[in-house]
Structures are given as structure tokens and as C-alpha cells.
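Listed here are the chains, written in short residue letters.
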Amino acid sequence: MPVSENDTLDALPDAVAAAAFRRLVRHLRHRHDAQNIDLMGLSGFCRNCLADWIRDAGFDGDKAEARAVIHGMGMDEWKERYQTPATPEQLARMEESVAKNAR
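Here goes a summary of the coordinates provided. (Residues numbered from 1 in each chain as written. Predicted model: local features only at pLDDT ≥ 70, side-chain atom pairs only at ≥ 80, totals over all residues. Heavy atoms only, no water.)

1. What to know about the overall build of the protein chain
The helix and strand inventory of the protein chain stands at 7 helices and 0 strands. Of the regular secondary structure in the protein chain, the N- to C-terminal order runs α-α-α-α-α-α-α. Seen through its principal axes, the protein chain has C-alpha atoms that stretch 50 × 30 × 25 Å. Counting over 103 residues, the protein chain shows a buried share of 27%. A sequence separation of at least 24 residues applies to 48% of the contacts in the protein chain between residues at least 6 apart. About 7,600 Å² of surface is accessible on the protein chain, with carbon and sulfur atoms providing 54% of the total. Where the 14 positive side-chain charges of the protein chain centre and where its 17 negative ones centre are 4 Å apart. (Helix = DSSP H or I, 4+ residues; strand = E, 2+ residues; numbered from the N terminus. Buried < 20%, exposed > 50% of the residue type's maximum accessible area, 1.4 Å probe, protein only. Contact = heavy atoms within 4.5 Å. Areas by Shrake-Rupley, 256 points an atom, 1.4 Å probe, with all protein chains shown as cover. Lys, Arg positive; Asp, Glu negative; His and termini not counted. Charge placed at Lys NZ, Arg CZ, Asp CG, Glu CD.)

2. Here we look at the packing of aromatic side chains
Remark: the centre distance and the inter-plane angle together describe each pair of aromatic rings, the angle taken between the planes. Taken as a whole and assessed by the stated rule, the structure comprises 2 aromatic pairs. The interplanar angle of 25 degrees and the centroid separation of 5.5 Å between the aromatic rings of Phe 45 and Trp 53 together place this pair among those described as stacked. (Phe/Tyr/Trp six-rings, centres within 6.5 Å; stacked < 30°, edge-to-face > 60°.)

3. Observations regarding helix H5 (residues 63–71)
Every buried residue belonging to H5 is among Ala 66, Arg 67, Ile 70 and His 71, and all of these are buried. Buried residues of H5, viewed axially, fall in a sector of 125 degrees; they line one side. Buried residues along H5 sit against helix H2 (14–30), helix H3 (36–43), helix H4 (47–56) and helix H6 (75–82). For H5, the side-chain oxygen to backbone nitrogen distance between the N-cap and Ala 64 is 3.1 Å, and the N-cap itself is Asp 62. Just beyond H5, the residue with positive phi is Gly 72, at close to 80 degrees. (Arc of directions from axis to C-beta. Polar contact = N/O pair within 3.5 Å; in protein donor to acceptor, adjacent residues only side chain to side chain.)

Purely geometric numbers; function is a separate question.
This is how it looks when you write it as C-alpha cells:
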């Protein structure tokens, strides 16, 4: 009998999942050129989503603190240093992609 996608994921040891998550966050901290708007347009999630997800998983901090964990600095500082204005095309791709997230 084939194992479902969720069963396989849920069987992943927490330490392995945590290590992969930390590697993902470090990768995103390094790749500032990967704008949140582009991540949203391609995958329907971004750094801010990861911050929301750690809060959903039990992180005690508020939204700003969670975003600082993911961004490696305060959101305002990250935006000032790295965020570029979104184009109409990027916004349209994001809206289309986010619509796919609805279950």
C-alpha cells in the first residue's frame, strides 16, 4: 500500500525537519535578491508566511518578533535594505499564486 504524502512528511523526525527549516531560513537570509513578492508569485509563500507559521506552531513572540527571527533583523530594516517596489506584473502573479493556496 503506498504511503500518502502526509504520512511520509509526518514520519520525518522533528530534529531532521528542524534542521531543514533552519537551513531554509539561512538560505533566505543569504538570498536577499529573492524578493518576498517573487516568492509569493512562484510558491504562494514568503518569509513573512514562515514567520506566521512559527507563530502558529507555538512561537511566543508577536508578529514583529517572528519576522525578525526569519529575516535576521527587524522588518523595517530588512525592507529598507533589501525590498524593492513591486511591479504590477509581480502583484498579478502573487494574486494568482495565492489563489492556489485555498483548499
